[in-house]
Amino acid sequence: MMQILRKWALAAGSAATAMLFAAPSHAESWLIRDALIIDGTGAAGQTGSVRVEDDRIVAVGALQARPGEKVIEAAGLVLAPGFIDTHAHYDFDFDNHPHVLGATSQGITTIIVGQDGFSNYPLATFHAGLRARPVAVNIASYAGHNSIRAAVMGEDYRRTANADEKAKMERALRDEMANGALGLSTGLEYDPGIHSDYAEVRDLAATAASLGGRYISHIRSEDRHLEPAIDEIIRIGRDTGMPVQISHFKIAMKSKWGSAPALLAKLDRARAEGVRITADVYPYQYWASVMEVLLPDRNFEDVKAVEFLLAELAPADGLTLALFPADRTVEGKTIAEIAEARGQSPAATYLALLKQSKDWQVQHPGDLELIIGRSMDENDLRTLMQWPHSNFSTDGAPEGHPRGYGSYPRILGHYVRDQKLMSLEQAVQKMTSLAADHMGLAGRGRIAAGLAADLVLFDRQAIIDRATVRDRSRLSEGVRKVWVNGVLVFDDGRPTEARPGAILRRAEGVK
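What this report covers is the structure whose coordinates are included nearby. Quick caveat, the model's predicted, so the values are computed rather than measured. (Residues numbered from 1 in each chain as written. Predicted model: local features only at pLDDT ≥ 70, side-chain atom pairs only at ≥ 80, totals over all residues. Heavy atoms only, no water.)

Before going further, it helps to spend a moment on the overall build of the protein chain. Within the protein chain, the secondary structure is distributed over 15 helices and 21 strands. Scaling as 2.2 N^0.38, a compact globule of 511 residues should have a C-alpha radius of gyration of about 24 Å, and the protein chain matches this with 23 Å. In terms of principal-axis extent, the alpha carbons of the protein chain reach across some 75 × 50 × 45 Å. By the burial criterion, 60% of the 511 residues in the protein chain qualify as buried. Of the accessible surface of the protein chain, which amounts to about 18700 Å², a share of 49% is contributed by carbon and sulfur atoms. One finds the centroid of the 57 positive side-chain charges in the protein chain at a distance of 2 Å from the centroid of its 65 negative side-chain charges. (Helix = DSSP H or I, 4+ residues; strand = E, 2+ residues; numbered from the N terminus. Rg over C-alpha atoms; globule rule 2.2 N^0.38 Å. Buried < 20%, exposed > 50% of the residue type's maximum accessible area, 1.4 Å probe, protein only. Areas by Shrake-Rupley, 256 points an atom, 1.4 Å probe, with all protein chains shown as cover. Lys, Arg positive; Asp, Glu negative; His and termini not counted. Charge placed at Lys NZ, Arg CZ, Asp CG, Glu CD.)

Take the packing of helix 6 (residues 198-210) against helix 7 (residues 226-240) next. Axis separation between helix 6 and helix 7 bottoms out at 10 Å; the angle between their running directions is 45°. Taken together, helix 6 and helix 7 sit at an angle that is classed as oblique. Judged by the twist between their axes, the crossing of helix 6 over helix 7 is right-handed. For the pair formed by helix 6 and helix 7, the contact residues are Tyr198, Val201, Arg202, Ala205, Ala206 and Ala209 on the first element and Glu232, Arg235, Ile236, Asp239 and Thr240 on the second. (Axes fitted to C-alpha atoms, helices over the stretch in contact; angles between N-to-C directions. Parallel < 35°, antiparallel > 145°, perpendicular 65-115°, else oblique. Left-handed = near helix turned anticlockwise from the far one by under 90°. Contact = heavy atoms within 4.5 Å.)

Next up on the list: the packing of aromatic side chains. Within the structure shown, the criterion is met by six aromatic pairs. Note on Tyr282 and Tyr284: the rings are 6.5 Å apart at their centroids and 50° apart in plane angle, and the pair reads as tilted. According to the relative accessible area criterion, Tyr282 is buried, its value standing at 3%. Among the aromatic residues, those joined into a cluster by ring pairs are Phe83, Tyr408 and Phe458. (Phe/Tyr/Trp six-rings, centres within 6.5 Å; stacked < 30°, edge-to-face > 60°.)

Position of Ser357 relative to the elements: it lies in helix 11 (residues 346-363). The class of Ser357 is buried, set by a relative accessible area of 2%. One polar contact links Ser357 to Glu369, side chain to side chain, over a distance of 2.6 Å. Those residues within four positions of Ser357 in sequence are excluded, and the remaining contacts are Phe324, Ala326 and Glu369. (Polar contact = N/O pair within 3.5 Å; in protein donor to acceptor, adjacent residues only side chain to side chain.)

Ile111, Tyr215, Phe249 and Phe458 are the most contacted members of the largest nonpolar core, which totals 86 residues. Counting residues per element, this core draws most heavily on helix 7, at six residues. Those residues within four positions of Ile111 in sequence are excluded, and the remaining contacts are Asp85, Ala88, Tyr90, Phe94, Ala103, Val137, Asn138, Ile139 and Ala140. One finds Leu294, Leu323, Ala347 and Leu354 within the second-largest nonpolar core, a separate group that totals 37 residues. (Core = buried A, V, L, I, M, F, W, Y, C linked by side-chain atoms within 4.5 Å.)

This part is about the sheet that holds strand 15 (residues 319-323). In space, the three strands of this open sheet follow the order 14-16-15, with antiparallel pairing throughout. At either margin of the open sheet sits one strand with a lone partner, and together these are strand 14 (286-289) and strand 15. Here the strands of the sheet are splayed against their neighbours by 25° on average, with no regard to which way each runs. Note that strand 15 and strand 16 (residues 370-374) share four bridges and pair antiparallel. When the sheet's bridge partners are listed, Thr320 is paired in strand 16 with Ile372. (Pairing = 2+ DSSP bridges.)

Quick look at helix 7 now. Given 3.6 residues per turn, any residue in an α-helix points the same way as the ones three and four places further on. In this model helix 7 runs 21 Å from its N-terminal to its C-terminal C-alpha over 15 residues, within 8% of the 21 Å that 1.5 Å per residue would give. Those residues of helix 7 lying buried are Leu226, Ala229, Ile230, Glu232, Ile233, Ile234, Ile236, Gly237 and Thr240. Its buried side turned inward, helix 7 meets helix 6, strand 11 (214-218), strand 12 (244-246), helix 8 (260-272) and strand 13 (277-281). (Expected span 1.5 Å × (residues − 1).)

Take the pattern of salt bridges next. Applying the stated criterion across every chain yields a total of 34 salt bridges. Note that Lys355 is salt-bridged to Asp359, the shortest N-O span being 2.8 Å. One end of the pair is Lys355 and the other is Asp359, both in helix 11 and four residues apart, which spans about a single turn. Judged by its relative accessible area of 54%, Lys355 falls in the exposed class. By relative accessible area, which is 40% here, Asp359 ends up partly exposed. In this structure, the salt-bridge partner of Asp454 is Arg444, at a minimum N-O distance of 2.7 Å. (Salt bridge = Lys/Arg side-chain N within 4 Å of Asp/Glu carboxyl O.)

Time to look at the sheet that holds strand 8 (residues 138-141). One open sheet accounts for three strands, arranged 6-7-8; its pairing is parallel. With one partner strand each, in any of the chains shown, strand 6 (83-85) and strand 8 form the two edges of the open sheet. For this sheet, the mean inter-axis angle between neighbouring strands, taken without regard to orientation, is 20°. Two strands pair when backbone bridges link them, and strand 7 (residues 108-113) and strand 8 are joined in this way by four bridges, in the parallel orientation. Along strand 8, the bridge assignment pairs Val113 with Ser141.

Here we come to helix 3 (residues 123-132). Taken together, the buried positions of helix 3 are Leu123, Phe126, His127, Gly129 and Leu130. Taken around the axis of helix 3, the buried residues stretch over an arc of 155°, which confines them to a single face. Among the exposed residues of helix 3, those pointing more than 90 degrees away from its buried face are Thr125, Arg131 and Ala132. Contacts made by the buried residues of helix 3 are with strand 7, strand 8 and helix 5 (163-178). (Arc of directions from axis to C-beta.)

What follows concerns the pairing of strand 16. Along strand 16, four of the five residues are buried, which leaves the element largely enclosed by surrounding structure. Relative to strand 16, strand 14 runs antiparallel, the two being bridged by four bridges. Across the sheet, the residue bridging to Ala288 is Ile372, located in strand 16.

Moving on, we come to the side chain of Arg224. Relative to the helices and strands, Arg224 resides in the loop between strand 11 and helix 7. You can call Arg224 buried: its relative accessible area is 18%. A distance of 2.9 Å separates a polar atom in the side chain of Arg224 from the backbone oxygen of Leu294.

Shown next, in the form of structure tokens:
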């Protein structure tokens, strides 16, 4: 999230049966032999082999190696479709991280960017950059409401948009959709989108819907006003008829803990009425963002508001400054620790740090702080993860939160193998075919002849996350090999030099 807000600041089939697919005669094939194939559909895993030619899977099942064919011995390791991350932020530092190691080391082969209302605007320029400097993973993007609103309204954004501004935003969105955007994303807790009214968001969503787009949202509140925020996204889905998805679904307020079953019942009722609502979830009890996000009224002198957030949203000993450019000495410390050292109350310390960071940004635009907050209840998290209509995501970035390096191995190791929260096949489905369906991606997320050769080979007994709040970029264990479009990008703990990632557009490979 820090990378996104920095941008805003600077800009104001059955595996047991062989299935054949005709491939070009010139293609060289290679074989992954004797894997436990979990095909992404939720079906039980089957032992077998997979043949790849060029960027496609051409056969799956009981296969024999061809003369001279390269063979990779899986020896019982799990072979799954490459994981799809439906909410990612790795794109804001591709120049320094073209290997996208945080993603590929988890088995992720496709990332969906343009999240929380912030996208690389305009998409045409972003895509041109990717063609000139490819990266290791496939990329699809939403068009960001915040990015478009900032381009249209500039610094005068702390109000509702007028008719002329809304018309300009609609034209900009149409351009982004023409350049392959999956749909519209919003981040309604962040500037400038926090100042939009329902009509503005609905009308832009309707524009995206008319062009076959989808809607994904960091909803208006994940704590104080969670229920009305959920009502709003349901209403958008009902009014537009388009698929709508709640980003990084969470219940981040202590007095609301335990309400996950009731919230999911509300979503199920909406689905029964025809609203196509879904969600994504990451497997941590703590989030990461900028400090002002916890003060929706944007009153940075309101001590009582901070006392409330420390009591209800995240305790002082559960708020850690991951990044603080204005004073690097406080990085890695909690608000409680800093307050004690300064001889201040935690609330006063929070406001003083926020002011210090704001003052710093005047001279260093876009050089933002990042705070990690422990706000979620484990039982709620497990309930949201198990909802049949939630897929998994990371909300990950190259720096800032361990989720960027550990989300999927944490699910497969901690929650599946150790806690037995769901079956391995169910978890893989939530990372692959369900994720693809929720994003409208065709040809990805399953192992079957004719589909893209995005694949991950992992050890189900060894896979686990290792990143922590204090060691946020530590690689996970257990992922052995990852292929994107048939090309090896991660090999036994190391990235390769390959950059085979494709640009996925709504009009190309999207249903």
